[in-house]
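In case you want the letters, here they are:
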Amino acid sequence: MHVLETEERVILTTKKELAPLLKRYAQGTSNILSQAAVETLAIIAYKQPITRVEIEQIRGVQVSGAVQRLTAYRLIEEKGRVDGPGRPILYGTTPYFLDYFGLKSLKDLPDIQEMEYSSDEEAPLDLFFDEMNEKE
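These numbers were taken from a predicted model, which means no experiment stands behind them. (Residues numbered from 1 in each chain as written. Predicted model: local features only at pLDDT ≥ 70, side-chain atom pairs only at ≥ 80, totals over all residues. Heavy atoms only, no water.)

**Q** If you had to explain the layout of surface pockets to someone new, which residues and values would you point to?
**A** What the second largest pocket holds in volume is close to 200 Å³. Among the residues making up the lining of the second largest pocket, the classes are represented as three nonpolar, five polar and five charged. (1 Å grid on protein atoms, 1.4 Å probe; cavity = no way out; pocket = protein on both sides within 12 Å on 5 of 7 lines; lining within 4 Å. Points joined across faces, edges and corners; volume = space filled by probe spheres on them. Nonpolar A, V, L, I, M, F, W, Y, C, P; charged D, E, K, R; others polar.)

**Q** Which residues make up the pattern of salt bridges, and what are the values?
**A** Counted according to the given criterion, the structure contains six salt bridges. Measuring nitrogen to oxygen at the nearest pair gives 2.9 Å for the salt bridge that ties R9 to D99. Taken together, the residues span a long stretch of sequence, with R9 in the loop between β1 (2–5) and β2 (10–13) and D99 in helix α5 (residues 95–100) at a distance of 90 residues. Among the residues examined, R9 registers a relative accessible area of 31% and is labelled partly exposed. Note on D99: relative accessible area 22%, which makes it partly exposed. With its nearest N and O atoms 2.8 Å apart, the salt bridge here joins R52 to E56. Taken together, the residues R52 and E56, both in helix α3 (residues 52–59) and four residues apart, mark about one turn of the helix. Accessibility expressed as a relative area gives 34% for R52, which makes it partly exposed. Judged by its relative accessible area of 17%, E56 falls in the buried class. (Salt bridge = Lys/Arg side-chain N within 4 Å of Asp/Glu carboxyl O. Helix = DSSP H or I, 4+ residues; strand = E, 2+ residues; numbered from the N terminus. Buried < 20%, exposed > 50% of the residue type's maximum accessible area, 1.4 Å probe, protein only.)

**Q** So what about the confidence of the model for the chain? Which residues, and what values?
**A** Fine structural detail should not be taken from predicted coordinates in areas where pLDDT scores are low. Averaged over every residue, the pLDDT of the chain is 82; residues scoring 70 or more account for 80%. Low pLDDT, under 50, characterises residues 130–136; the stretch is placed with zero contacts to residues that sit more than four places away or in other chains. (pLDDT = per-residue confidence, 0-100. Contact = heavy atoms within 4.5 Å.)

**Q** Tell me about the packing of aromatic side chains, residues and numbers included.
**A** Tallied over the full model, the rule gives three aromatic pairs. Ring centres of F97 and F101 lie 5.1 Å apart, and the angle between their planes is 55 degrees; this geometry places the pair in the tilted category. The class for F101 is partly exposed, based on a relative accessible area of 39%. With centroids separated by 4.9 Å and ring planes inclined at 75 degrees, the aromatic side chains of Y100 and F101 adopt a geometry described as edge-to-face. Grouping aromatic residues by their ring pairs yields a cluster made of Y96, F97, Y100 and F101. In this structure, R74 is placed above the aromatic ring of Y96, and the distance from its NZ or CZ to the ring centre is 4.4 Å. (Phe/Tyr/Trp six-rings, centres within 6.5 Å; stacked < 30°, edge-to-face > 60°. Lys NZ or Arg CZ within 6 Å of the ring centre and 35° of its normal.)

**Q** So what's going on with the sheet that holds strand β3 (residues 50–51)? Which residues, and what values?
**A** In any sheet, the strands associate via hydrogen bonds between backbone groups, in a parallel or an antiparallel arrangement. Across the sheet, three strands lie side by side as β3-β5-β4; this open sheet has antiparallel pairing. Only two strands of the sheet have a single neighbouring strand rather than two, namely β3 and β4 (76–81). Taken together, the five bridges between β4 and strand β5 (residues 89–93) define a ladder with antiparallel strand orientation. Paired with G80 across the strands is L90, a residue of β5. (Pairing = 2+ DSSP bridges.)

**Q** Report on unusual backbone geometry, specifying residues and quantitative values.
**A** With an omega dihedral of -5 degrees, the bond running from Q48 to P49 counts as a cis peptide bond. Positionally, P49 belongs in the loop between α2 (35–47) and β3. In the Ramachandran plot, R74 falls in the positive-phi region, its phi being about 65 degrees despite a non-glycine side chain. You can see R74 is positioned in the loop between α4 (64–72) and β4. At R87, a position not held by glycine, the phi torsion is positive, near 45 degrees.

Printed below as a string of structure tokens:
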């Protein structure tokens, strides 16, 4: 057994050495998240509590399928409702989210400011720029 400590509780888990054996038993079950689901989960983790409409405004596409999948995987849950027209659901991450990603609290999420490029850093390369020039 291995003890995993989070902000509010202690969890008993299996040892990492047993992961290959457990993966063999779990074959056939798919728990891989799509890129859309991962992006949606990141928005919820950093902006929670947040409504589906607000997530869609950030992503620019509909996210109801991703929200349903994340709810089914117990990574997000309803945190309440907005006190306004339609009373939309507010979503946030679950304690299972913290366990799944090995976080003690949401404070352990990477800092968004560190991930963004500052004005004095070099901009990321456009991977398709060379391809487009070759075609011309």
